[in-house]
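# Descriptive analysis of the structure
Below are the chains, spelled out letter by letter.
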Amino acid sequence: MFSFGNKLFFLKKFIGSLFLELARWKCTIEVTEQMQRSVMIAAPHTSNWDFPFAMATLWHKGVNVRYFIKDSYTKGLMGPFFKWTGAIGVDKSKKHNNLTDFAIDLFDKQDELVLIVPAEGTRKRVEKWRTGFYRIASEAKVPISLGFLDFNKKESGVADVFTPSGDFEKDMKHIQEIYR
């Protein structure tokens, strides 16, 4: 298990466990070596409540988690809080941002890292997913974890962890079947 520095590790683990307990949620993640170094899809990502439940779940399990977020969240009064939670600010107005290269560099520097990437690229419902999560996982040579939050069952977990085959269409069919 990853330790984010002893004090931070225990604080995040305590906060995650307490949050899940108070919300009466069940966490079904089995942390495997493969999952601890992966790109995690967050799908569907349609609510602001996804954030606290996902963070609580991963912190409860002691997972080193990072995620991309609009850079305005990492600035100002709440900036330090979001950075503490694992946020990586992204300025979407700059077309030269290369998140794939940045993410690959993160994986090169860390033995254990779960990088959450919303497949939709937004909190709105979309018909077609973005492909950044797949490109990052393929180029960084790390697996894809299929994280989920089931608000009806009050359950969070990882439905599958797999290594991209290089056949995007085949892998997307597998992913969509799992999430169905």
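For the structure given in this document, a descriptive report is provided here. What you are looking at is a predicted structure, and each value in this text was computed from that prediction instead of being measured.

### Focus: a nonpolar patch on the surface
On the surface, a cluster of nonpolar side chains totalling about 550 Å² of accessible area is made up of L8, L11, F14, I15, L18 and L22. Assignment of secondary structure puts I15 in helix α1 (residues 6-23).

### Focus on the environment of F102
Mapping F102 onto the fold places it in helix α4 (residues 99-109). Given the relative accessible area of 38%, F102 is considered partly exposed. Between the C-alpha atoms of F102 and I136, which are 34 residues apart in sequence, the distance is 9.2 Å. If near-sequence neighbours (up to four positions away) are discounted, F102 is found in contact with F68 and I88.

### As for the sheet that holds strand β6 (residues 144-150)
Pairing is mixed in the open sheet, where seven strands are placed in the order β1-β7-β6-β2-β5-β3-β4. Bordering the open sheet on either side are β1 (26-27) and β4 (87-90), each of which pairs with just one other strand. Sheet topology note: the strand β3 (residues 65-70)/strand β5 (residues 113-118) ladder contains three bridges and is parallel. Among the inter-strand pairings, V65 is bridged to a residue of β5, identified as V114.

### What about the nonpolar core?
If you look at the biggest cluster of nonpolar residues, it comprises 26 residues, and the most contacted ones within it are I41 and F133. Ranked by the residues each element gives to this core, the list is headed by helix α5 (residues 132-140), at five residues. Here I41 is in contact with V117, A119, W129, F133, I144, S145, L146, G147, I175 and Y179, once residues within four sequence places are set aside. Counting 22 residues, the second largest nonpolar core, distinct from the first, contains W25, C27, A56 and V63.

### Brief notes about the environment of P118
Along the chain, the position of P118 falls in strand β5. Spatially, the C-alpha atoms of P118 and F133 are 7.7 Å apart, while their sequence positions differ by 15 residues.

Cut-offs applied
Every chain is numbered independently, its residues counted from 1 as its sequence is written. Reporting in this predicted model follows two pLDDT cut-offs: at least 70 for local features of residues, and 80 or more for side-chain atom pairs to be given and counted; totals over whole chains, interfaces and linings ignore these cut-offs and use all residues. For the side-chain quantities, the full set of heavy atoms in the structure was used; hydrogens and water were omitted. The residues that make up patches have over 30% relative accessible area and no salt bridge, and they are joined within 9 Å when like-charged or within 5 Å when they are Val, Leu, Ile, Met, Phe, Trp or Tyr. All accessible-area figures derive from a Shrake-Rupley calculation using a 1.4 Å probe, and residue coverage is judged against the displayed protein chains alone. Each reported salt bridge corresponds to a side-chain nitrogen of Lys or Arg within 4 Å of a carboxyl oxygen of Asp or Glu. Strands are runs of DSSP state E lasting at least 2 residues, helices are runs of H or I lasting at least 4, and numbering of each runs from the N terminus. The cut-offs for exposure are 20% and 50% of the maximum accessible area for each residue type, with area from a 1.4 Å probe on protein chains only; residues under the lower value are buried, those over the upper are exposed, and the others partly exposed. In this analysis, two residues are considered to be in contact whenever any of their non-hydrogen atoms come within 4.5 Å of each other. Note on pairing: two strands pair once DSSP finds at least 2 bridges between them. Only buried residues count toward a nonpolar core, which is a set of Ala, Val, Leu, Ile, Met, Phe, Trp, Tyr and Cys residues joined through side-chain atoms within 4.5 Å.

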